[in-house]
Amino acid sequence: MAKIIWITGGSSGLGSAFARHAAAQGATVAVSARRPELLAELAAMGQGHIHAFPLDVTDEAATEAVVSEIEDRLGPIDIAVLNAGTHQETPVTGFKAADVERLTALNLIGTAKGVEALLPRMTARRSGRLALVASLAGYRGLPRAAGYSASKAAVIAMAESLKPELDAFGVTIQVINPGFVRTPLTDKNDFPMPYLMEPEEAAQRMWRGLQGNRFEISFPRRFVWQMKLLQRLPDPLYFWSVKQITGVGKTNG
Ligand SMILES: NC(=O)c1ccc[n+]([C@@H]2O[C@H](COP(=O)([O-])OP(=O)(O)OC[C@H]3O[C@@H](n4cnc5c(N)ncnc54)[C@H](OP(=O)(O)O)[C@@H]3O)[C@@H](O)[C@H]2O)c1
């Protein structure tokens, strides 16, 4: 049976590529983001499989209303990919709590608002799948990314915390940790991005991961293993390694 999938942050990058891929696999896809014109373009490409539901995920009432509207119009959501998110550097010079707050409000709390809207429905049905998009940058704090790493580490922890209880309800929760993917978000980066992946390939990895039940869906594999190794290093070795790799901290600024 064709699945009903909801993806947030569907107007560009990973979300848009995933929506197109899922539609090509025969799924019915509801896409949300703030820019309705991009969602309408995507829906027009989707040959009836993609439906636009404009939403700012930081608005709790609007999130609840959109989830309700999707279920009324398309049917119960089988899979929700909570992907809306952003990145902004938060270096030591010019560090602002307001930047951390903005990143957290979208990446963590925006995701939690989607979870809040979906949980009562999925637990009542005793079925459904939640996929929270975090990042390999959530494994450990990365230089110049205090706000981003913190928000993504929190998303991973939130998914881990929910999983044991959700298992008992028959609801699957997964975390998606991409490495670098070429999107408008990474186009801003002015540093070399190892193993940079195209969004279409990332969308395929996400799709494949959502067919299985592994808690973590992460890619590309070689980069994942390097990041997992860094994650497990003792602190002094970790800090030495990230300075060598990124060049940050060798000089002030
Ligand atoms: N690209 C990477 O290398 C990479 C790596 C690891 C993790 N990720 C994560 O993957 C996710 C997608 O990133 P991306 O690279 O595809 O970036 P992107 O191209 O900038 O896409 C971000 C999406 O989020 C939407 N969005 C932003 N604020 C929103 C809001 N308040 N409400 C609803 N939607 C909102 C944007 O649409 P509107 O502006 O239309 O709202 C857009 O569709 C993010 O969570 C990101 O942290 C990306």
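Residues numbered from 1 in each chain as written. Predicted model: local features only at pLDDT ≥ 70, side-chain atom pairs only at ≥ 80, totals over all residues. Heavy atoms only, no water.

### Focus: the environment of Leu39
Line of reasoning, step 1. You can see Leu39 is positioned in helix H2 (residues 36–45).
Line of reasoning, step 2. Spatially, the C-alpha atoms of Leu39 and Ala52 are 5.4 Å apart, while their sequence positions differ by 13 residues.
Line of reasoning, step 3. Leaving out residues up to four positions away in the same chain, Leu39 has contacts with Gly10, Ser11, Val31, Ser32, Ala33, Ala52, Phe53 and Pro54. (Helix = DSSP H or I, 4+ residues; strand = E, 2+ residues; numbered from the N terminus. Contact = heavy atoms within 4.5 Å.)

### What about the side chain of Asp99?
Line of reasoning, step 1. Mapping Asp99 onto the fold places it in helix H4 (residues 97–125).
Line of reasoning, step 2. In this structure Asp99 touches Gln88 and Thr90, once residues within four positions along its chain are discounted.

### Focus on the side chain of His87
Line of reasoning, step 1. Along the chain, His87 turns up in the loop between strand S4 (79–82) and H4.
Line of reasoning, step 2. Excluding residues that lie within four positions of it along the chain, His87 makes contacts with Leu103, Ala145, Tyr148, Leu185, Lys188 and Asn189.

### Quick look at the sheet that holds S4
Hydrogen bonds between backbone atoms are what pair the strands of a sheet, whose relative direction is either parallel or antiparallel.
Line of reasoning, step 1. Pairing is parallel in the open sheet, where seven strands are placed in the order S3-S2-S1-S4-S5-S6-S7. One side of each edge strand has no neighbouring strand; the edge strands of this open sheet are strand S3 (50–52) and strand S7 (216–219). Between one strand and the next, the sheet's axes are offset by a mean angle of 20 degrees, whatever the strand orientation.
Line of reasoning, step 2. Relative to S4, strand S1 (residues 4–8) is paired through three bridges, and the arrangement is parallel. Following the sheet pairing, Ile7 is matched in S4 by Val81.
Line of reasoning, step 3. Relative to S1, helix H1 (residues 13–24) is tilted by about 170 degrees, and along the sheet it contacts S1, strand S2 (28–32), S3, S4 and strand S6 (172–178).
Line of reasoning, step 4. Strands S1, S2 and S3 of the sheet are contacted by helix H3 (residues 60–74), whose axis makes an angle of about 155 degrees with S1. (Pairing = 2+ DSSP bridges. Axes fitted to C-alpha atoms, helices over the stretch in contact; angles between N-to-C directions.)

### With respect to the nonpolar core
Line of reasoning, step 1. Grouped together as the largest cluster of nonpolar side chains are 42 residues, with contacts concentrated most on Trp6, Ile77, Ala80, Leu118, Leu130 and Leu132.
Line of reasoning, step 2. For this core, the elements supplying multiple residues, two or more each, are H3, S4, H4, strand S5 (129–133), helix H5 (146–169), S6, helix H8 (221–232) and helix H9 (235–246).
Line of reasoning, step 3. Looking at which element gives the most residues to this core, the answer is H4, with seven residues.
Line of reasoning, step 4. Judged by nonpolar contacts, the second largest core, of 29 residues, contains Ala19, Ala22, Leu42 and Ile217. (Core = buried A, V, L, I, M, F, W, Y, C linked by side-chain atoms within 4.5 Å. Buried < 20%, exposed > 50% of the residue type's maximum accessible area, 1.4 Å probe, protein only.)

These values are about where atoms sit, not about what they do.
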